[in-house]
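Coordinate analysis (summary)
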Amino acid sequence: MTTTLTPTEAPPQAIAAVDPSSAVAPSVPQDAPVKRSTPILAAVRRVAATVSSGVWKSAAILAFLALWELGPIYLASPSTRVFLPPLHEVLLAWSKLFEAGTIQGHIAASLTRSVAGFGAALVAGVSLGLLIAWYGRLNAVLNPLLELFRNTAALALLPVFTLLLGIGEESKISIVAYAAFFPVLLNTIAGVKTVDPLLIRAARSLGLNSFQLFQKVILPSAVPTIFTGIRMAGTASILVLIAAEMVGAKAGLGYLIVNAQSSFLIPDMYAGILTVSLLGLGVNFLLVALERHFSRWRTAVGADAS
């Protein structure tokens, strides 16, 4: 004879199996460690990751500086050390020039000339590049002449600028503007011509006129390529200026380098060279920051797409 259990008569084990909430949770020891990611620990990890990345990125530079310091002392002969002093002697010479206020005056003179020439090249290069890229007939007329001057080295024209404008500030600013003009011009033309045609068609289908199309589509799309030319022009402006200051100047980093070399102040010469390198590096970082600022819309679009 079989008996049938009603739901009210079900055994406790079955009820526990049907209702998980009635199951007894396993006991957890009170002294068990609980792993928590605190904000301080997360900040320490971010700092450690940043430091590690910075060390890897600067490993080659640190190795070069170490070789510069130890090579002349342990690897070079005493006669060679006269012409290649270790890094600490160069830094000591730089600190003496800084304390005397000499290096600041030369940096100010070089920066004034470089900024003036670079600014003139920037305005002229971007303006003319946009016009040439926008109007095909103007490109056909000016392109042969621009190709002729583009393939003429700026330093080859330095005697011409000196004869026509003298050895004053005008010749140096003009040679800097000439050297920086063509990278900006060519990259501006390339940036406008490489805009995606689908963007232009979409903008025209939305009813944008020529000015709005240029302002909202052409120019923003060409900004990265234009800034590539601007960065190249910034480097060219400093290098050409240093060479121009070596020929005829009474102040500037180029004058400091050649004057120290002729006076056999070798650590001072290397201090000037090191200053030129750091100045160029700082200009490049500044231009990269400006490029990121003017290209923020690309980052926003990429974030939205992801």
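All values derive from a computational prediction rather than experimental measurement.

1. A look at the overall build of the protein
The helix and strand tally for the protein stands at 14 helices and zero strands. Start at the N end of the protein and walk to the C end: the helices and strands fall as α-α-α-α-α-α-α-α-α-α-α-α-α-α. With 306 residues in all, the protein has 29% of them scored as buried. Sequence separation of 24 or more characterises 69% of the internal contacts of the protein that already satisfy a separation of 6 or more. Accessible surface, the protein as shown: approximately 19700 Å² in total, 69% of it carbon and sulfur.

2. Here's the deal with the nonpolar core
Within the largest apolar cluster, 37 residues are counted, with the highest numbers of intra-cluster contacts made by Ala154, Ile175, Tyr178, Phe182, Leu185, Val192 and Ile230. Elements supplying a minimum of two residues to this core: α6 (102-134), α8 (158-165), α9 (169-193) and α11 (210-247). For this core, the element with the most residues is α11, which contributes twelve residues.

3. Some thoughts on the pattern of salt bridges
Scanning the entire structure with this criterion turns up four salt bridges. One salt bridge connects Glu89 with Arg81, and the closest N-O pair in it is separated by 3.3 Å. With a relative accessible area of 26%, Glu89 lands in the partly exposed category. For Arg81, a relative accessible area of 32% puts it in the partly exposed group. Ionic pairing is found between Glu245 and Arg113, a salt bridge with its closest N-O pair at 2.7 Å. On the criterion of sequence distance, the pair formed by Glu245 in helix α11 and Arg113 in helix α6 is long-range, its members being 132 residues apart.

4. Looking at the confidence of the model for the protein
In regions of low pLDDT, the predicted coordinates are not meant to be interpreted in detail. Here the protein shows a mean pLDDT of 80. Residues at 70 or above account for 84%. Of all helices and strands in the protein, the one with the weakest mean pLDDT is helix α1 (residues 12-18) (46), whereas helix α5 (residues 87-99) scores best (92). Note on residues 12-26: pLDDT is under 50 here. Beyond four places in sequence and across chains, it has three contacts. Low pLDDT, under 50, characterises residues 300-306; the stretch is placed with zero contacts to residues that sit more than four places away or in other chains.

Cut-offs and rules
- Residues numbered from 1 in each chain as written.
- Predicted model: local features only at pLDDT ≥ 70, side-chain atom pairs only at ≥ 80, totals over all residues.
- Heavy atoms only, no water.
- Helix = DSSP H or I, 4+ residues; strand = E, 2+ residues; numbered from the N terminus.
- Buried < 20%, exposed > 50% of the residue type's maximum accessible area, 1.4 Å probe, protein only.
- Contact = heavy atoms within 4.5 Å.
- Areas by Shrake-Rupley, 256 points an atom, 1.4 Å probe, with all protein chains shown as cover.
- Core = buried A, V, L, I, M, F, W, Y, C linked by side-chain atoms within 4.5 Å.
- Salt bridge = Lys/Arg side-chain N within 4 Å of Asp/Glu carboxyl O.
- pLDDT = per-residue confidence, 0-100.

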